[in-house]
Amino acid sequence: MSDRHRLSLGPIATPDRLLLGPGPSNAHPTVLQALSRTPIGHLDPLYVALMGEVQELLRYVWQTDNRLTLPMSGTGSAAMEATLANMVEPGDAVLVAVKGYFGLRLQDMAGRYRADVHTIQKPWGEAFSLEEIEAGLKQYRPKILAMVHAETSTGVCQPMQGIGDLCRQYDCLLLLDTVTSLGAVPLYLDEWKVDLAYSCSQKGLSCPPGLGPFSMGLRAEEKLANRQSKVPNWYLDVSLLNQYWGSDRVYHHTAPVNMNFGMREALRLIAEEGLENVWARHRSNAERLWTGLERLGLEPHVPLELRLPTLTTVRIPDGVDGKAFSLHLLNKHGIEVGGGLGALAGKVWRIGLMGYNSRAENVDLLLNLLEEELPAFKPASPAVAAVAA
Ligand SMILES: *Cc1c(COP(=O)(O)O)cnc(C)c1O
């Protein structure tokens, strides 16, 4: 017996932060209460009934009738990986439309499942036109087109009209990342003819991180059924998971039951508010932020027509140390905002208004701090310096 690693600690005491970055966002208090309930067995009939409620409400928030709709045990990236692991067979051509960091992650994952990966690219802050998508489909004839609806690294919302029809025309499946749009931004899986989609629990849905909603349509189910090789990932194999989530209830892995309690409550709250009202709330709070930023002379990175209500990229003014200011917000006021990734590193802040956090009081609080405290982080202008001297 050794006490070498035996820390002597007090009980956990994390501060209550306001998370206005790219995620996680704050969980709804009702969701946090649900998480603290005593677990029940993952095959208990009461739990099985709860699984059905979660699946049905996920169909509602995604606007889909897909039978195979369920939360993966893992974060959004696990659900992302589930879409590719189940669909890709070695050598399948996969086209990834890359316009930010999460497009690059799709490209990386598809390659690990030994797809023949091709990309079309746009600068970070732009979206694809239908013509650009069609040119890619024509050139590469992929089995899957993978793209991101709400690109959290850039703050761009990809217009989706017509893309699903193009994919059908070119006999290709449409795989869509809806991590930063589900439960927050208008999203119609069936109407848009999306074949595979995934999301996460900690952004628009107001849960802590830990579950990754996943949905698969009939065309994708058919590709899964016709696989020549086993799904190369046991944990994420939908044909195995379906024996637990479907009517057979065969044990696969122990479901994270408390996370699913939280998910059930989060989805119930969205259904109670009404999806259209939820979308409108995100839109109006984002517009409140955009108007306020403009008043302060701060410039959004994305043009209005492509701007994402859940995540705004704002250009850091010349001469300001963006990281120093966000650290100030965190340490002095307990507010988190994000920095830039990849091509936008050091150039933008990322402000998230997602789920429970999409509220006017949060917008006003942040705008006030930008107004009152950002000037101290700006280099003194020559005129001001002269007066001071
Ligand atoms: C957050 C995010 C992910 C990854 O989800 P995790 O829950 O962090 O694993 C994937 N795609 C997009 C667009 C995201 O914003």
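Just so it is clear, the model here is predicted, and its values are computed rather than measured.

(A) Summary view of the sheet that holds strand S13 (residues 338–339). Here we have three strands laid out as an open sheet, ordered S11-S14-S13, and antiparallel in their pairing. The open sheet has two free edges, formed respectively by strand S11 (311–315) and S13, since each of these has just one partner strand.

(B) Up close: the site of the ligand. Every one of the 14 residues lining the ligand counts as a neighbour, but Thr75, Ser77, Thr152, Asp177 and Lys203 are closest to it. Separating a nitrogen atom of the ligand from a side-chain N or O atom of Asp177 is a distance of 2.7 Å. In the model, an oxygen atom of the ligand is placed 3.0 Å from a nitrogen or oxygen of the Thr180 side chain. In the complex, the protein chains occlude 89% of the 380 Å² of accessible area that the ligand would expose alone. Elements with a contribution of two residues or more to the shell around the ligand: helix H3 (76–87) and helix H4 (101–112).

(C) Layout of the domain arrangement of the chain. Along its sequence, the chain is carved into domain 1 (29–271) and domain 2 (274–377). At the junction of the two partners, domain 1 supplies 30 residues and domain 2 supplies 23 residues. Buried area between domain 1 and domain 2, both sides added, is near 2,100 Å², and the carbon and sulfur share of it is 69%. The largest share of the area that domain 1 buries against domain 2 comes from Trp124, Gly155 and Ala184, three residues that together contribute 23% of it. Counting the contacts that link domain 1 with domain 2 gives zero salt bridges. Put simply, domain 1 and domain 2 have eleven residue pairs in polar contact (both at pLDDT 80 or more) between them. Elements represented by at least two residues in the side of domain 1 that touches domain 2 include exactly helix H2 (45–62), strand S6 (150–151), strand S7 (156–157) and helix H9 (257–273).

(D) Summary view of the packing of aromatic side chains. In this structure the tally under the stated criterion is seven aromatic pairs. Measuring from centroid to centroid gives 5.9 Å for Tyr188 and Trp192, while their planes differ by 70°, and the two rings are edge-to-face. Taking relative accessible area as the criterion, Tyr188 reaches 26% and is therefore assigned partly exposed. On the accessibility criterion, Trp192 (11% relative accessible area) is buried.

Calculation notes
- Along every chain, residues carry numbers that run from 1 in the direction the sequence is written.
- In keeping with the model being predicted, local features are shown solely for residues with a pLDDT of at least 70 and side-chain atom pairs are shown and tallied solely at 80 or more, while totals for entire chains, interfaces and linings include all residues.
- Hydrogens and water molecules were not included; the side-chain quantities draw on all heavy atoms of the structure.
- In this description, strands pair whenever DSSP reports at least two bridges between them.
- Here a strand is any run of E in DSSP of at least two residues, a helix any run of H or I of at least four, and the numbering for each starts at the N terminus.
- A single heavy atom is enough: if one lies within 4 Å of a molecule or strand, its residue is considered near that molecule or strand.
- Nitrogen and oxygen atoms within 3.5 Å of one another constitute a polar contact, given that in protein one can donate a hydrogen and the other can accept it, and given that sequence-neighbouring residues count only through two side-chain atoms.
- Here the accessible surface of atoms and residues is derived via Shrake-Rupley with a 1.4 Å probe, and residues count as covered only by protein chains that are part of the display.
- Throughout, the edges of the domains are those of an automatic or database domain assignment.
- We call two residues in contact whenever any of their non-hydrogen atoms come within 4.5 Å of each other.
- By buried area we mean how much accessible surface two parts lose on assembly, using a 1.4 Å probe and totalling the loss over both.
- Any Lys or Arg side-chain nitrogen located within 4 Å of an Asp or Glu carboxyl oxygen qualifies as a salt bridge.
- For this analysis, a ring pair means two rings from Phe, Tyr or Trp (six-membered ring only for Trp) whose centres lie within 6.5 Å, classed as stacked if their planes differ by under 30 degrees, edge-to-face if by over 60, and tilted for the remaining angles.
- Think of it in three bands: residues with accessible area under 20% of the maximum for their type are buried, residues over 50% are exposed, and the middle band is partly exposed, with areas taken using a 1.4 Å probe on protein chains only.

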